[in-house]
Amino acid sequence: MEQKKILIITYYWPPAGGPGVQRWLKFAKYLPDFGWKPIIYTPENPSYPLLDETLMKDVPENIEMVRTKIWEPYQLAEKLNKSNKKFKAGQFDVGKNQSWKSKLSIWVRGNFFIPDARVFWVKPSVTFLEKYLKENKIDTIVTSGPPHSLHLIGLGLKNKMPELKWIADFRDPWTEISYYKHLKLTKSSDKKHRQLESAVFKNADITLATSYTDAENFSKAGANAVCITNGFDESDSSEKAEEQKNSQIEQAFTLSYIGVLEQLRNPENLWKALDELVKENPEFAADFKLKFVGRIDDKILQAIENSSLKNHILNLGYLAHGKAVEEMQNSDLLLITNFPNDSSKGIIPGKIFEYLASGKQILSFGPDKADVAKILEETQAGKHFSYQDTETIKMFILEKYELWKNGSLRENTQHIEQFSRKNLTKQLTEVLK
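No experiment lies behind these values; they were computed from the predicted model shown.

## Considering the pairing of strand β9 (residues 288-293)
Of all six residues making up β9, five are buried, and the element is well covered by its neighbours. As judged from the six bridges shared by strand β8 (residues 253-258) and β9, these two strands associate in the parallel manner. If you follow Thr 254 over to β9, its bridge partner there is Lys 289. Pairing analysis gives four bridges linking β9 to strand β10 (residues 313-317), with the strands arranged parallel. The partner of Val 293 across the bridge, within β10, is Gly 317.

## Observations concerning the sheet that holds β8
The sheet built from six strands is open, its strands ordered β10-β9-β8-β11-β12-β13 with parallel pairing. Edge strands, defined here as strands with exactly one partner in the open sheet, are β10 and β13 (382-385). The mean inter-strand angle of the sheet, taken between neighbouring strand axes irrespective of direction, is 20 degrees. Along the sheet, helix α13 (residues 351-358) makes contact with β8, β11 (333-337) and β12 (361-365), crossing β11 at roughly 165 degrees.

## Notes on the side chain of Asn 412
Counting through the fold element by element, Asn 412 comes out in the loop between α15 (391-405) and α16 (421-432). Residue classification places Asn 412 among the buried residues on the basis of a relative accessible area of 17%. For Asn 412, the side chain forms a polar contact with the main-chain oxygen of Gln 380, separated by 3.1 Å. Side chain to side chain, Asn 412 and Gln 414 meet in a polar contact 3.3 Å long. Those residues in contact with Asn 412 that lie beyond four places of it in its chain are Leu 356, Gly 359, Thr 379, Gln 380 and Ala 381.

## So, the packing of aromatic side chains
The geometry of an aromatic ring pair is captured by the separation of the ring centres together with the interplanar angle, meaning the angle of the planes. What the rule picks out here adds up to 23 aromatic pairs. On the basis of an interplanar angle of 45 degrees and a centroid distance of 5.4 Å, the ring pair of Phe 170 and Phe 201 is categorised as tilted. Here Phe 170, found in strand β5 (residues 165-170), pairs with Phe 201, found in helix α6 (residues 187-203); they are 31 residues apart in sequence, far enough to count as distant. Ring geometry for Phe 201 versus Phe 218: centroids 5.0 Å apart, planes at 40 degrees, classification tilted. Here Phe 201, found in helix α6, pairs with Phe 218, found in helix α7 (residues 212-220); they are 17 residues apart in sequence, far enough to count as distant. Neither residue differs from the other here; Phe 201 and Phe 218 are each classed as buried.

## Comments concerning helix α1 (residues 22-30)
Most of α1 is tucked away, with eight of its nine residues classed as buried. Among the residues of α1, those classed as buried are Gln 22, Arg 23, Trp 24, Leu 25, Lys 26, Phe 27, Ala 28 and Tyr 30.

## With respect to the sheet that holds strand β7 (residues 225-227)
Overall, parallel pairing links the seven strands, which are arranged β3-β2-β1-β4-β5-β6-β7 in an open sheet. Whereas interior strands pair on both sides, the edge strands pair on one side only; in this sheet they are β3 (64-68) and β7. Looking at each pair of strands side by side, their axes are set apart by 25 degrees on average, direction ignored. Of the pairings in the sheet, the one linking strand β6 (residues 206-209) to β7 comprises three bridges and is parallel in character. Residue Ala 209 lies in a different strand from β7, and its bridge partner there is Cys 227. Its contacts with the sheet place α6 against β5 and β6, and it is angled at close to 130 degrees to β5.

## What about the packing of helix α9 (residues 268-280) against α15?
Relative orientation of the contacting elements α9 and α15 amounts to 60 degrees, with a least axis distance of 9 Å. Of the possible angle classes, the one that applies to α9 and α15 is oblique. Relative to α15, α9 is oriented so that their crossing is right-handed. In this structure, α9 uses Asn 269, Leu 270, Ala 273, Leu 274, Glu 276, Leu 277 and Glu 280 to contact α15, whose residues at the interface are Glu 391, Ile 393, Lys 394, Ile 397 and Leu 398. Taken together, the residues of the contact of α9 with α15 sort by class into seven nonpolar, one polar and four charged.

Cut-off values and rules
- Residues numbered from 1 in each chain as written.
- Predicted model: local features only at pLDDT ≥ 70, side-chain atom pairs only at ≥ 80, totals over all residues.
- Heavy atoms only, no water.
- Buried < 20%, exposed > 50% of the residue type's maximum accessible area, 1.4 Å probe, protein only.
- Helix = DSSP H or I, 4+ residues; strand = E, 2+ residues; numbered from the N terminus.
- Pairing = 2+ DSSP bridges.
- Axes fitted to C-alpha atoms, helices over the stretch in contact; angles between N-to-C directions.
- Contact = heavy atoms within 4.5 Å.
- Polar contact = N/O pair within 3.5 Å; in protein donor to acceptor, adjacent residues only side chain to side chain.
- Phe/Tyr/Trp six-rings, centres within 6.5 Å; stacked < 30°, edge-to-face > 60°.
- Parallel < 35°, antiparallel > 145°, perpendicular 65-115°, else oblique.
- Left-handed = near helix turned anticlockwise from the far one by under 90°.
- Nonpolar A, V, L, I, M, F, W, Y, C, P; charged D, E, K, R; others polar.

Now the structure itself:
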């Protein structure tokens, strides 16, 4: 039986690092098992914020790649202000940390590049792909955003080829994401963002969401929305678990944050709780380690280093994905943070699924009634807190510390098989029918 062809239009692809690349990399890895041939369309010369060559091992052998050149204005932006490098990963300074250069750069980013700085790739891609799709008899395409400019490629192709089946995959929301309100948009720019988003929702055959709440919100906005969450790859987890058995486990009670930590998701109440625990409990202070793996905002790190936690920090910086998974295994508690406002309760950070696969207890921060809280409750893998909690956080950490001290802090991986990448790919192929 001949495989069906699906063209995946994605900005992020190995050697890009970070969570954005892994969703469709893993789908592409398992799609052939279910009768689909993935073809990848991606920029020839992208400006990635992070690189991770080790992810190349997951790229299917002999996968068909289609590339065209892209022009991005980030080099110009970085000359204006070095902190503009954060824009590539959707980060920027907020509040008192904003200089006049940061404010100007954010205003330019929000009002001149709609929906984002990859918008210059849209028209040439539509022209190129219209011809490519007809010549190669492909009837299903996927656009993955952010960057949401890629959805405009899908919209342009759908307008030219109405019979084309188009799946718009939103790894994060567009106008409902927390940093949207920080973009300093004019009324006309805000209107344009919302009009484009609405056009995508109404014209895509299916809109994929990565969380339950986002799917509900997209449906209310006119989309034919389906939720397929991110997940964990069992092959990654089993490899790292085996390596852990053969390695020496550090004798410290370790709380780890894996990934990018930005100012909008900074759990200041956690740092306060840990600072108090270190001061109040000498035994805890002797055993405690705070480990960062990834890119931590320099202003967050500076604030922590100015507290009693200074001598407890281990900052490993960005590590290849496999090494990052290994560091999860070598931890006792894993930290995950979300934006604090209610509109973000539907965001499920991709790393939570690898956290689940590690079996370690998870300490989560975000708005009340968040989708993350639902997952943690269902899997009994940890606890979710608001950004106002302090005393309850201290109690939770001390409880886990006492269990660790007594050798009773057990791993838990129940009810997580639904989030394996292979099972999620099976769900995807049901949607593609």
